[in-house]
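Coordinate analysis (summary)
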Amino acid sequence: MDRLLEPYFAANKIKPAGPVDDRVFARRVYLDVVGLLPPPGELEKFVRARSSDKRVQLVQQLLADNENYALHWLSFWNDMLRNDYKGTGYIDGGRKQITQWLFSSLETNKPFNQFVGELINPTPEAEGFTKGIVWRGVVNASQTPPMQAAQSISQVFMGVNLKCASCHDSFINDWQLSDAYGLASVYADGPREMVHCDKPTGKMAAPKFIYSQLGELAVSTNKAIRLEQLARLITKREDGRLTRTLVNRLWQKFFGRGLVEPVDDMEQPAWNAALLDWLAEDFADHGYDVKHLIEVMLT
């Protein structure tokens, strides 16, 4: 990472700050990994230690604290997956939580490609994410549960905002109404007619993934088959957007600003594309191990 950053620093005449002292480092990694302050006794023990790799050892020790790691990172993923939603549509059973599945996935450090696959092609324990919020009363076409699934999947895992394109061809990017409806159709129980600004178009949407370069969805009336195919497309190694989006979200969380900003618009240029690419490929090379990715960033 440091070698990839050196040319950027040189080109922009930036002199990086020196390493922080042991107390500051320990405080930061405790808060970042498990959300707790270092106990005084453990902090003093760390400061007195003379091992040259004691910082790496501390990060590894904290990442091995599976319960506190899961409790801390539950908040990050609750926000991302809207699992903490308690507004309209929640109180009358319109939102199904996935807390037990999520906690277990974090505690066991489930590989990220498997984590994503189980959210996209879900078991009953994980279906709340794509089931979305069943609103009370009349809602517009862009707020239906299948459309929410398309918006959530694209935003959380691809850094793509389909909300504008869920009503009409987007004004803020190149995504079209047919892209949003194509992804939403994967989750629909039957054929979906495209609706432009709440006016039916008479055109039916064919199920498709937003990145056709990764493969086409086979035409099938079987929803289970469509979900299985979509999960396979999104989590295949060739989908570099999946890994880069998580790398960028974690970079922002740890260092205050993403390699790409805003983090929900991954089509913007990265200020260091080489670093983003290297971290993403290293993440995939290590079996989509999120804790490995965190360790690399924090050490």
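Note that the structure is predicted; figures quoted are calculated from it, not measured. (Residues numbered from 1 in each chain as written. Predicted model: local features only at pLDDT ≥ 70, side-chain atom pairs only at ≥ 80, totals over all residues. Heavy atoms only, no water.)

Comments concerning the overall build of the chain
When helices and strands are counted, the chain shows 14 helices and 2 strands. Taken over C-alpha atoms, the radius of gyration comes to 21 Å for the chain, in line with the 19 Å a tight globule of 299 residues would show. Across its three principal directions, the C-alpha atoms of the chain cover 70 × 45 × 30 Å. Taking all 299 residues of the chain together, the buried fraction comes to 46%. Contacts in the chain between residues far apart in sequence, at least 24 positions, make up 61% of those at least 6 positions apart. Accessible surface, the chain: about 15100 Å² in total, of which carbon and sulfur atoms supply 52%. In the chain, 34 side chains carry a positive charge and 37 a negative one; their mean positions are 3 Å apart. (Helix = DSSP H or I, 4+ residues; strand = E, 2+ residues; numbered from the N terminus. Rg over C-alpha atoms; globule rule 2.2 N^0.38 Å. Buried < 20%, exposed > 50% of the residue type's maximum accessible area, 1.4 Å probe, protein only. Contact = heavy atoms within 4.5 Å. Areas by Shrake-Rupley, 256 points an atom, 1.4 Å probe, with all protein chains shown as cover. Lys, Arg positive; Asp, Glu negative; His and termini not counted. Charge placed at Lys NZ, Arg CZ, Asp CG, Glu CD.)

Some thoughts on empty space enclosed by the protein
This structure, assessed with the given rule, holds 2 cavities of 30 Å³ or more. Looking at the largest cavity, its volume works out to about 90 Å³. Lining of the largest cavity is provided by Tyr69, Trp77, Ser105, Leu106, Asn109, Lys110, Phe112, Phe115 and Val290. Listed by contribution, the elements that provide at least two residues to the lining of the largest cavity are α5 (66–80), α6 (99–107) and α7 (112–120). Of the residues assigned to the lining of the largest cavity, the class counts are 6 nonpolar, 2 polar and 1 charged. Considering only enclosed or pocket space, the second largest cavity measures out at about 40 Å³ in volume. Contributing to the lining of the second largest cavity are Trp77, Phe112, Val156, Phe157, Leu242, Thr245, Leu246 and Arg249. Breaking the lining of the second largest cavity down by element, the ones donating at least two residues are α9 (145–158) and α12 (240–255). Looking at which element gives the most residues to the lining of the second largest cavity, the answer is α12, with 4 residues. (1 Å grid on protein atoms, 1.4 Å probe; cavity = no way out; pocket = protein on both sides within 12 Å on 5 of 7 lines; lining within 4 Å. Points joined across faces, edges and corners; volume = space filled by probe spheres on them. Nonpolar A, V, L, I, M, F, W, Y, C, P; charged D, E, K, R; others polar.)

Describing the layout of surface pockets
Here the largest pocket is characterised by a volume of approximately 1000 Å³. In terms of lining, the largest pocket is formed by 26 residues, of which the most central are Asp2, Arg28, Phe255, Met297 and Leu298. Put simply, the second largest pocket is a space of about 280 Å³. Class assignment of the residues belonging to the lining of the second largest pocket gives a composition of 9 nonpolar, 4 polar and 3 charged.

As for the packing of α5 against helix α14 (residues 290–298)
Relative to each other, α5 and α14 sit at 85°, their axes nearing to 14 Å. Taken together, the axes of α5 and α14 are roughly perpendicular relative to one another. Packed against α5, whose contacting residues are Asn66, Tyr69 and Trp73, the element α14 presents Val290, Lys291 and Ile294 at the interface. Class assignment for the residues of the contact of α5 with α14 results in 4 nonpolar, 1 polar and 1 charged. (Axes fitted to C-alpha atoms, helices over the stretch in contact; angles between N-to-C directions. Parallel < 35°, antiparallel > 145°, perpendicular 65-115°, else oblique.)

Things to note about the environment of Arg192
Mapping Arg192 onto the fold places it in strand β1 (residues 192–196). For Arg192, a relative accessible area of 17% puts it in the buried group. Sequence spacing of Arg192 and Ala49 is 143 residues, and the spatial spacing of their C-alpha atoms is 63 Å.

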